[in-house]
Amino acid sequence: MKKKWKNTFWGILILLFIPLVACEDSQKERNEAKANRGMGKAGEAIVDRAPDFTLKDLQGRTFKLSENRGKPVLLVFGATWCHYCVQEIPRLKEIFAKYAPQGVAIVNIDIQEPQDKVARFADKHKLPYQVLLDETAAVAKSYGVRGVPNFTLVDQKGQVACRQCSSV
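Note that the structure is a prediction, hence the values are computed from the model and not measured.

A. Region of the structure containing the overall build of the protein chain. Regarding its fold elements, the protein chain presents 5 helices and 7 strands. When the helices and strands of the protein chain are placed in sequence order, the string is α-α-β-β-β-α-β-α-β-α-β-β. Taking all 168 residues of the protein chain together, the buried fraction comes to 46%. Looking at the protein chain as shown, the accessible area adds up to about 9,300 Å², and 53% of this sits on carbon and sulfur atoms.

Written out as structure tokens, the structure reads:
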């Protein structure tokens, strides 16, 4: 079982994160934050725990990150007006098709837009993954999102495995 998740992680990283340009400011801030927090046992860096959140999807269902422990979750922060978010949709559909059957959850988190506008966008682009509404941007802020698209891969233990900001 562990090997399955390890292979799944590498596949997602290769398909999504490797081709994107590194988000140097975000990574620099994470490194500084880790340095400020100190070190764990035996000199190991303290691991970033993914902030838990609860959001509603377009159908009114509740999604809670902590209820997805035990499987990787790819958080895709975006907005309907974002040209680069639209460009990423084919690759995200490919990732969804390949890894959702293996238990990977992929959720699009739309930031501060009305539900009807987001629903039209999701329908137009035939998004196969769950679309969540972050109406107050509280979740985006808790993840340090400063621009879109923004991707965060949360591992099965609820820790941030990888972050990547926009490919621009």
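B. Structural context of the nonpolar core. Within the largest apolar cluster, 24 residues are counted, with the highest numbers of intra-cluster contacts made by Phe-53, Val-73, Leu-75, Phe-77, Ile-109, Tyr-143 and Val-148. Every element with two or more residues in this core is listed here: strand S3 (73–78), strand S4 (105–111) and helix H5 (138–142). The leading source of residues in this core is S4, at 4 residues. The next biggest cluster of nonpolar side chains, apart from the first, holds 19 residues, and it includes Tyr-99, Ile-106, Leu-133 and Cys-162.

C. Quick peek at the pairing of strand S6 (residues 150–154). Of all the 5 residues making up S6, 5 are buried; the element is thus mostly covered by neighbouring parts of the structure. In S6, alternate side chains face the same way, and those of Asn-150, Thr-152 and Val-154 on one face and Phe-151 and Leu-153 on the other are all buried. Alignment of S3 against S6, held across 5 bridges, turns out to be antiparallel. Residue pairing across strands places Leu-75 opposite Thr-152, the latter belonging to S6. The sheet contact formed by S6 and strand S7 (residues 160–164) spans 4 bridges and is antiparallel. Considered in S7, the bridge of Leu-153 is made with Cys-162.

D. Broad picture of the pairing of S3. Burial analysis of S3 places 6 of its 6 residues in the buried class, the great majority of the element. Side-chain alternation along S3 places Val-73, Leu-75 and Phe-77 on one buried face and Leu-74, Val-76 and Gly-78 on a second face that is also buried. In terms of strand pairing, S3 meets S4 through 6 bridges, oriented parallel. Paired with Leu-74 across the two strands is Ile-106, which belongs to S4. Crossover S3 to S4 through helix H3 (residues 83–99) is right-handed.

Analysis parameters
- Residues numbered from 1 in each chain as written.
- Predicted model: local features only at pLDDT ≥ 70, side-chain atom pairs only at ≥ 80, totals over all residues.
- Heavy atoms only, no water.
- Helix = DSSP H or I, 4+ residues; strand = E, 2+ residues; numbered from the N terminus.
- Buried < 20%, exposed > 50% of the residue type's maximum accessible area, 1.4 Å probe, protein only.
- Areas by Shrake-Rupley, 256 points an atom, 1.4 Å probe, with all protein chains shown as cover.
- Core = buried A, V, L, I, M, F, W, Y, C linked by side-chain atoms within 4.5 Å.
- Pairing = 2+ DSSP bridges.
- Right-handed = clockwise from strand over helix to strand, strands pointing away.

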